[in-house]
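Now for the letters of each chain:
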Amino acid sequence: MKRDALLDELSARSLDAAWLREALAPASPYGERDFAELAPFRPGDETRARARAERIARIAEAFDAAQLDALRDVVRNVPDAASAIARASMGDTLADANLLELQRFFDACVRLDGLAGDCRDLPRAASEAVRACARALELGRAGTFGFYLADTFDERLTKARGALARAQAEYDAVRGRASAAVAAALGREIAGSEFIVMRSDLRGPLPPGVRVAREAPTYVLCELDADEASLAALARRDDAANAVADAEEAVRARLSAVIRAHAAALDAAASAFGEADVLVAAARFARAHACTVAEIGDAVSFAFERGRYVPLEAELQREGRAFTPIDVRLDDVAVLTGPNMGGKSVCLRTCGFIALCAAYGLPVPAVRARVPLFDEIVWLGAGTDAEMGGLLSSFAREVVRLRDVLARSRERRLVLLDEFARTTTPREGRALLVAVLERLRALGARALAATHLDGVSAAARARHFAVRGLRGIPERPPTEDLHAALVTLAASMDYTIEEVTQEGTRRSDAIALAALLGLDDAVTASAYDALER
Amino acid sequence: MHARVGDSLLSLAQATGLPSLFVVGTGKNVGKTVTMRAIYEACIARGIAPALTSIGRDGEAIDAGDAQPKPRLFLRPGTAIATARDVLPRSPASEMLALSDLRTAAGTLVYARVRHAANYELVGPPTASGIRETVNALANMAPYVIVDGAIDRIAALAGGNDAIVVACGASAANAMDEAVADVRALVRRLRVPRVEPDAPQVRIDGALTPGMAAELIRANERRSVVVADPTKIALTGKAALHALERLDLRCERPLRVVAVTAASIGRDRTFDPAAFARAVAEATALPTFDVYAAEAA
């Protein structure tokens, strides 16, 4: 999954692009190849992006979760036959392991097509070429999944193997007789070709047919010698083994030629198999997260209803909590305000994630959405300032990153500013943020700035959205259990985002939150006093 | 090796009721492959078609390290093997059972069944987790699994259900006393008993290292020192014996060592077969067999 110019590393991390990548990961090496080439659609590609999202949505609708899992199981662990196809096409004679890879791949193609049924949105892998090659290998099927160069492939092979079995038996008999003669002479049983004789047991010289391999003070390490009869039998066995090798190689060459004759079509089948794998993974994502197809058009506005940031939603679900879906409409630049822990950053991430999904031609996690394709999605502010290191302060890092972003020439971009300039004086921070929003508007960007600074929206003539915030001041939990405090906070917080049409004094709730999170009562009381002063 | 010795070893291993057997040696060229071959032949003689694999490399004609001849593995039809793709002979053809992504020193691993008797080379996965995965897969392909193990890979024994035969020999020591001490230390380490549930104990997370053992001995620790299994005792030779004598070492999952084989003939030295086997039997208190003299001590 390529990022191209759509996302830089810091923005990818802030939007959890790795989570999306993991969620969309295919199960087979064929799919991995296809997935590695998956690039975001650029502005101008709206029709193709939407067509892909619609295709995925249709697949998600055509199959239930269990059927999608079954499709996934078919592609999972299928050995990669690409190198076998390539080697055969270059004239190599394939090894039996390659033939097994191909047989398993052909089987999976047939099973995949069978499960796909009449769904036209999944590509068909079991082409006529696949079926022809599968038929050629069928004689080698051993058990359910195995492959063996069976006698039935060629009469010559049957004869050669029969001759080898007879030659081996003859050699074993000759060696057995030699071994028995030595055992009789020594008056003891011997097995194998190597044995020791204790000097104390020896009454005279070693019997004929025995060769000394090593002498020790108390014993002699011996080997059975090979007499003329043994050598002749061995030569006949080796000749028979060579004949078997030739016959086996001839069958492999014949099978490899069949693969070579269909190599181009098999490559196409492998591509189709990979594409199906990637589409099934995307459909599972769309179904699991109740995604819908966004209107991906040339329209200026970026808007969605009941959008969800699914990496967080999945985490909350694991804890038995629910994500509050949000509505956003972004025509050019806008400001988002609200209390700490009210979901401002999550709102920005939701915007970025939905734009990211649309860029890859995926259904998006929202009930309804209208999403343009962007050249670039940029995250600025909190979460990125610690990444640049060096001697720069937090503020300087933010400014340097902003400078670089503004220096890039992009026709259409989405800029998400999370508390930009929060580390300088509020007066100058506000002025900087207003100026940045004005510049972004002039550049034609869609931008959403989450901030605690007052008066930014009015000064920048930007729409103003706000998180509703706390429904009341929640009671502090009896213990200093942070998790309990967070649960209490979540229950009291209204994460709904609404447009602010009339500017007025906003409640901060920061001191109440500090108290809820366990800050000393005396400190919070003093803070309220200071607020009044 | 005498057929009788292989049969005795197989009987001891199968008496445990465990589905697999590891042959672990005190060093290189101590007769592991010869021991495995003897047990394998005993299986064949009893009509059992076992599965074989190796931690490392076995059955090659010549040792890649010192160019000396190595014991070959002549395998019979029906035997399942896990070995590297690149060493599986093209002829005679084997039945290909499955392909694995596990890597070995000679390419990825394949599972195959011998269709025609021939010499085979076994190259298995070098990691403990890889060998466990391989043994589990082979257990589905054959009624009994035999693994040619390695002294530096005993971690592979952790979490398994294996009988163990320890191989020692003249090649791995300068003198008979040293060879006997080494095998005694290894066997005692592998046979650390199960902890008594109610005994006062110190549990060791991970491996018991020489430093930790020294610290416990210095502190005159009287409680049972408990590791998960004997492979977590990272002590060898004299250090292992020292710790085993001064600490009450115990484990949660004991291993089953059933016998020892003693190879009295080494590349550079030989020991008196009877004396060596007798000394090993006394030191380990286990049935001991000389792999060349075909004697039980």
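Small disclaimer: the values here were computed from a predicted structure and weren't measured.

## Let's talk about the overall build of chain B
Phase 1: Scanning chain B for helices and strands turns up seven helices and 16 strands.
Phase 2: Against the 2.2 N^0.38 benchmark of 19 Å for 297 residues, chain B shows a C-alpha radius of gyration of 19 Å, consistent with a compact globule.
Phase 3: The dimensions of chain B, computed from C-alpha atoms along their principal axes, are 60 × 40 × 35 Å.
Phase 4: In chain B, of all internal contacts separated by at least 6 residues, the share reaching a separation of at least 24 is 73%.

## Re the overall build of chain A
Phase 1: From N to C terminus, chain A includes 19 helices and 14 strands.
Phase 2: In terms of overall size, chain A is more extended than a compact globule, its C-alpha atoms giving a radius of gyration of 37 Å where 533 residues would be expected to give roughly 24 Å.
Phase 3: Principal axes of the C-alpha set define a box for chain A whose edges measure 120 × 60 × 40 Å.
Phase 4: In chain A, which comprises 533 residues, the share counted as buried stands at 41%.

## Observations concerning the nonpolar core
Phase 1: Counting residues in each nonpolar core, the largest one holds 246 residues, and the members touching the most others are A:Ile354, A:Ala355, A:Ala358, A:Ala449, B:Ile164 and B:Val166.
Phase 2: Tallying contributions element by element places helix α11 (residues 263–288) of chain A first for this core, with 14 residues.
Phase 3: Leaving out residues up to four positions away in the same chain, A:Ala449 has contacts with A:Val335, A:Leu336, A:Leu417, A:Phe420, A:Leu433, A:Leu437 and A:Val456.
Phase 4: Listed in part, the eight residues of the second largest apolar core include A:Met341, A:Met493, A:Ala515 and A:Leu516.

## Overview of the environment of A:Leu519
Residues and elements named next belong to chain A.
Phase 1: Among the secondary structure elements, Leu-519 is positioned in the loop between α18 (510–516) and α19 (521–532).
Phase 2: Along the chain, Leu-519 and Glu-480 lie 39 residues apart, while their C-alpha atoms are 9.6 Å from each other.
Phase 3: Beyond its immediate stretch of four places on either side in the chain, Leu-519 contacts Ala-514 and Thr-524.

## Topic: the domain arrangement of chain B
Residues and elements named next belong to chain B.
Phase 1: Along its sequence, chain B is carved into domain 1 (3–186 + 255–290) and domain 2 (194–251).
Phase 2: Each side of the interface is counted separately: domain 1 has eight residues, and domain 2 has seven residues.
Phase 3: A breakdown of the residues in the side of domain 1 that touches domain 2 according to their chemical character gives six nonpolar, no polar and two charged.

## What about the confidence of the model for chain B?
All names here are of chain B.
Phase 1: When pLDDT is averaged across chain B, the result is 88; 92% of the residues are at 70 or more.
Phase 2: Least confident of the elements in chain B is strand β3 (residues 57–58), whose mean pLDDT is 70; most confident is strand β5 (residues 80–84), at 96.
Phase 3: Confidence metrics for the complex model read pTM 0.82 and ipTM 0.85.

## Looking at the domain arrangement of chain A
Residue and element names in this part refer to chain A.
Phase 1: On domain assignment, one finds that chain A holds domain 1 (16–152 + 253–287), domain 2 (156–233) and domain 3 (292–532).
Phase 2: Taken residue by residue, the interface counts 20 residues in domain 1 and 17 residues in domain 3.
Phase 3: Breaking the side of domain 1 that touches domain 3 down by element, the ones donating at least two residues are α2 (17–24), α4 (46–62) and α11.
Phase 4: Residue contributions to the side of domain 1 that touches domain 3 peak at eight residues, all from α4.
Phase 5: Class assignment of the residues belonging to the side of domain 1 that touches domain 3 gives a composition of 13 nonpolar, no polar and seven charged.

## Concerning the sheet that holds strand β6 (residues 302–307) of chain A
The pairing of strands in a sheet comes from backbone hydrogen bonds and takes either a parallel or an antiparallel form.
All names here are of chain A.
Phase 1: Strands sit in the order β7-β6-β9 across an open sheet of three strands; the sheet is antiparallel. In this open sheet, the two strands that pair with only one neighbour each are β7 (326–330) and β9 (368–370). In this sheet, adjacent strand axes meet at a mean angle of 10 degrees when their direction is disregarded.
Phase 2: Pairing geometry for β6 and β9, over three bridges, is antiparallel. Within β9, the position partnered with Glu-305 by the bridge is Arg-368.

## So, helix α7 (residues 96–116) of chain A
Phase 1: Counted at 1.5 Å a residue, the expected span for α7(A) with its 21 residues is 30 Å, and the 30 Å between its end C-alpha atoms agrees.
Phase 2: A positive backbone phi angle near 55 degrees is found at A:Gly117, which sits one or two residues after α7(A).

## Examining the pairing of β6(A)
Phase 1: Sheet topology note: the β6(A)/β7(A) ladder contains four bridges and is antiparallel. Each bridged residue has a counterpart across the sheet, and for A:Ala303 the counterpart in β7(A) is A:Arg329.

## Some points on the packing of α7(A) against helix α8 (residues 128–137) of chain A
Two quantities define a packed helix pair, namely the angle between the axes and the distance from one axis to the other.
Residues and elements named next belong to chain A.
Phase 1: Two elements in contact, α7 and α8, have axes separated by 10 Å at closest approach and are oriented at 130 degrees. In this view, α7 runs oblique relative to α8, as classed from their interaxial angle. With respect to the hand of their crossing, α7 and α8 are arranged in left-handed fashion. Across the interface between the two elements, Leu-99, Leu-102, Gln-103, Phe-106 and Cys-109 from α7 touch Val-130, Cys-133, Ala-134 and Leu-137 from α8.
Phase 2: A class-by-class count of the residues in the contact of α7 with α8 yields eight nonpolar, one polar and no charged.

## A look at the sheet that holds strand β14 (residues 248–251) of chain B
Residue and element names in this part refer to chain B.
Phase 1: With parallel pairing, three strands are arranged side by side in an open sheet as β12-β13-β14. Single-partner strands in this sheet number two, and they are β12 (201–203) and β14. In this sheet, adjacent strand axes meet at a mean angle of 30 degrees when their direction is disregarded.
Phase 2: Relative to β14, strand β13 (residues 224–227) runs parallel, the two being bridged by four bridges. Bridge assignment links Val-225 to a residue of β14, and that residue is Leu-249.

## Remarks on the interface of chain A and chain B
Phase 1: Of the residues lining the interface, 25 residues belong to chain A; the matching set on chain B comes to 24 residues.
Phase 2: Listed by contribution, the elements that provide at least two residues to the side of chain A that touches chain B are α7, β2 (146–147), α9 (155–186), β5 (219–224) and α10 (228–261) of chain A.
Phase 3: Counting residues per element, the side of chain A that touches chain B draws most heavily on α7(A), at four residues.

## Some points on unusual backbone geometry
Phase 1: Cis peptide bonds are those with omega within 30 degrees of zero, and the linkage from B:Ser91 to B:Pro92 qualifies with 0 degrees.
Phase 2: The backbone of A:Arg461 shows a phi angle near 50 degrees, a positive value even though the residue is not glycine.
Phase 3: Judged by C-beta crowding, with 12 C-beta atoms within 10 Å, A:Arg461 ranks as exposed.
Phase 4: Phi is positive for B:Asn220, which is not a glycine, with a value near 55 degrees.
Phase 5: Judged by C-beta crowding, with 8 C-beta atoms within 10 Å, B:Asn220 ranks as exposed.

## Considerations on the packing of helix α4 (residues 176–190) of chain B against helix α7 (residues 273–284) of chain B
Residues and elements named next belong to chain B.
Phase 1: Closest axis-to-axis distance for the α4/α7 pair is 9 Å, and the angle between their directions is 35 degrees. Between α4 and α7 the crossing geometry is right-handed. Between α4, through Met-176, Val-180, Val-183, Arg-184 and Val-187, and α7, the contact on the second element is made entirely by Phe-276, Ala-279, Val-280, Ala-283 and Thr-284.
Phase 2: Here the residues of the contact of α4 with α7 sort into eight nonpolar, one polar and one charged.

## Some points on the environment of B:Val110
Phase 1: Mapped onto the elements, B:Val110 comes out in strand β7 (residues 107–113).
Phase 2: For B:Val110, a count of 25 C-beta atoms within 10 Å puts it in the buried group.
Phase 3: C-alpha separation for the pair B:Val110 and B:Pro71, spaced 39 residues apart in sequence, amounts to 22 Å.
Phase 4: Sequence-distant contacts of B:Val110, that is, excluding residues within four places in its chain, are made with A:Ala97, B:Thr83, B:Arg85, B:Leu88, B:Met96, B:Leu99 and B:Ser100.

## Observations concerning the environment of A:Ile473
Phase 1: Relative to the elements of secondary structure, A:Ile473 occurs in the loop between β13 (463–470) and α17 (482–492).
Phase 2: Sequence separation between A:Ile473 and A:Ser492 is 19 residues, and the spatial gap between their C-alpha atoms is 7.7 Å.

Rules and cut-offs
- Residues numbered from 1 in each chain as written.
- Chains lettered and ligands numbered in written order.
- Predicted model: local features only at pLDDT ≥ 70, side-chain atom pairs only at ≥ 80, totals over all residues.
- Helix = DSSP H or I, 4+ residues; strand = E, 2+ residues; numbered from the N terminus.
- Rg over C-alpha atoms; globule rule 2.2 N^0.38 Å.
- Contact = placed C-beta atoms within 7 Å.
- Buried ≥ 20, exposed ≤ 12 C-beta atoms within 10 Å, placed from the backbone.
- Core = buried A, V, L, I, M, F, W, Y, C linked by C-beta atoms within 7 Å.
- Domains from an automatic or database assignment.
- Nonpolar A, V, L, I, M, F, W, Y, C, P; charged D, E, K, R; others polar.
- pLDDT = per-residue confidence, 0-100.
- Pairing = 2+ DSSP bridges.
- Axes fitted to C-alpha atoms, helices over the stretch in contact; angles between N-to-C directions.
- Expected span 1.5 Å × (residues − 1).
- Parallel < 35°, antiparallel > 145°, perpendicular 65-115°, else oblique.
- Left-handed = near helix turned anticlockwise from the far one by under 90°.

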